[in-house]
Amino acid sequence: NAGVTQTPKFQVLKTGQSMTLQCAQDMNHEYMSWYRQDPGMGLRLIHYSVGAGITDQGEVPNGYNVSRSTTEDFPLRLLSAAPSQTSVYFCASSSGVDTQYFGPGTRLTVL
Amino acid sequence: AQSVTQLGSHVSVSEGALVLLRCNYSSSVPPYLFWYVQYPNQGLQLLLKYTSAATLVKGINGFEAEFKKSETSFHLTKPSAHMSDAAEYFCAVRGGGYQKVTFGTGTKLQVIP
């Protein structure tokens, strides 16, 4: 099993550009989440999904969009990148209330 | 609503000394509690978890944590620190119903030779 995979590993954007961060899992987990990690702030939930076709906002959803058309994939879209979105982004999946499995992260810089 | 407070953003211990990383939580429902570890430039991986069974939970790499409901705490301990324990540690709480997880702000552990 590959677990949770994320692409790309690194990305540099200019302000106003859009892009999609990819996340995929092969564990048939129903729950998937996107977090951003900033120094001194821990991980903050952006969006999450409890199954295909069902998504909801976390604590910092502004500027991000998600969809979940399959169990395996949960892409995160930045609609118009801003410097405040410079961060490390982690995708995670889990089954029920059990352990979350994290991807390796995407390091995003917005100039 | 739920929240997690980790006391001390940086903790330094000598190699071989006791490791104690503090975590206090609040939750309106019986919580599930987790400790994750993050090594530099990597994702998070589970150290241990409390899911309403035994209050003393043992994890990987010699770590353990005790759930104390009266103190709303879930502190992480290890009797003897090793150099390889240097990492950032995150406490997390997950309430019942949906599985939204709230993370603490993390504690960086430095192990001094």
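Attention in this report is confined to the structure presented alongside it. Bear in mind the structure is a predicted one, so any value in this text is a computation, not a measurement.

Another point: the sheet that holds strand β7 (residues 64-66) of chain A. All names here are of chain A. With antiparallel pairing, four strands are arranged side by side in an open sheet as β1-β3-β8-β7. Where the open sheet ends on each side, the last strands, each with one partner, are β1 (4-7) and β7. For this sheet, the mean angle separating the axes of adjacent strands, direction not counted, is 20 degrees. Pairing geometry for β7 and strand β8 (residues 76-78), over three bridges, is antiparallel. For tyrosine 64, the partnering residue across the bridge sits in β8 and is leucine 78.

The next subject is the interface of chain A and chain B. In this assembly, 23 residues from chain A lie in contact with 20 residues from chain B. The tally of links from chain A across to chain B stands at zero salt bridges. Where chain A packs against chain B, one counts five residue pairs in polar contact (both at pLDDT 80 or more). The set of elements that each furnish at least two residues to the side of chain A that touches chain B consists of β4 (31-37), β5 (43-51) and β9 (87-94) of chain A. For the side of chain A that touches chain B, the per-class residue count stands at eleven nonpolar, ten polar and two charged.

Here we take up the nonpolar core. One finds Trp35, Leu48, Leu76 and Tyr89 of chain B to be the most contacted residues of the largest nonpolar core, which totals 27 residues. Breaking this core down by element, the ones donating at least two residues are β2 (10-14), β3 (19-27), β4 (32-38), β5 (44-50), β7 (64-68), β8 (73-78), β9 (87-94) and β11 (107-112) of chain B. Sequence-distant contacts of leucine 76 of chain B, that is, excluding residues within four places in its chain, are made with Val19, Leu20, Leu21, Trp35, Leu47, Leu48, Phe63, Glu64, Ala65 and Tyr89 of chain B. In this structure, Met32, Ile46, Val60 and Tyr64 of chain A belong to the second largest nonpolar core, which totals 19 residues.

Looking now at the sheet that holds β3 of chain B. In a beta sheet, neighbouring strands are held together by backbone hydrogen bonds and run either parallel or antiparallel to one another. All names here are of chain B. The five strands are arranged β1-β3-β8-β7-β6 in an open sheet whose pairing can be described as antiparallel. The open sheet has two edge strands with one neighbour each: β1 (2-7) and β6 (56-58). Pairwise comparison of adjacent strand axes, ignoring direction, gives a mean angle of 20 degrees for this sheet. Two strands pair when backbone bridges link them, and β3 and β8 are joined in this way by four bridges, in the antiparallel orientation. Of the residues in β8, the one forming a bridge with valine 19 is lysine 78.

The rules behind each value
- Residues numbered from 1 in each chain as written.
- Chains lettered and ligands numbered in written order.
- Predicted model: local features only at pLDDT ≥ 70, side-chain atom pairs only at ≥ 80, totals over all residues.
- Heavy atoms only, no water.
- Pairing = 2+ DSSP bridges.
- Helix = DSSP H or I, 4+ residues; strand = E, 2+ residues; numbered from the N terminus.
- Axes fitted to C-alpha atoms, helices over the stretch in contact; angles between N-to-C directions.
- Contact = heavy atoms within 4.5 Å.
- Salt bridge = Lys/Arg side-chain N within 4 Å of Asp/Glu carboxyl O.
- Polar contact = N/O pair within 3.5 Å; in protein donor to acceptor, adjacent residues only side chain to side chain.
- Nonpolar A, V, L, I, M, F, W, Y, C, P; charged D, E, K, R; others polar.
- Core = buried A, V, L, I, M, F, W, Y, C linked by side-chain atoms within 4.5 Å.
- Buried < 20%, exposed > 50% of the residue type's maximum accessible area, 1.4 Å probe, protein only.

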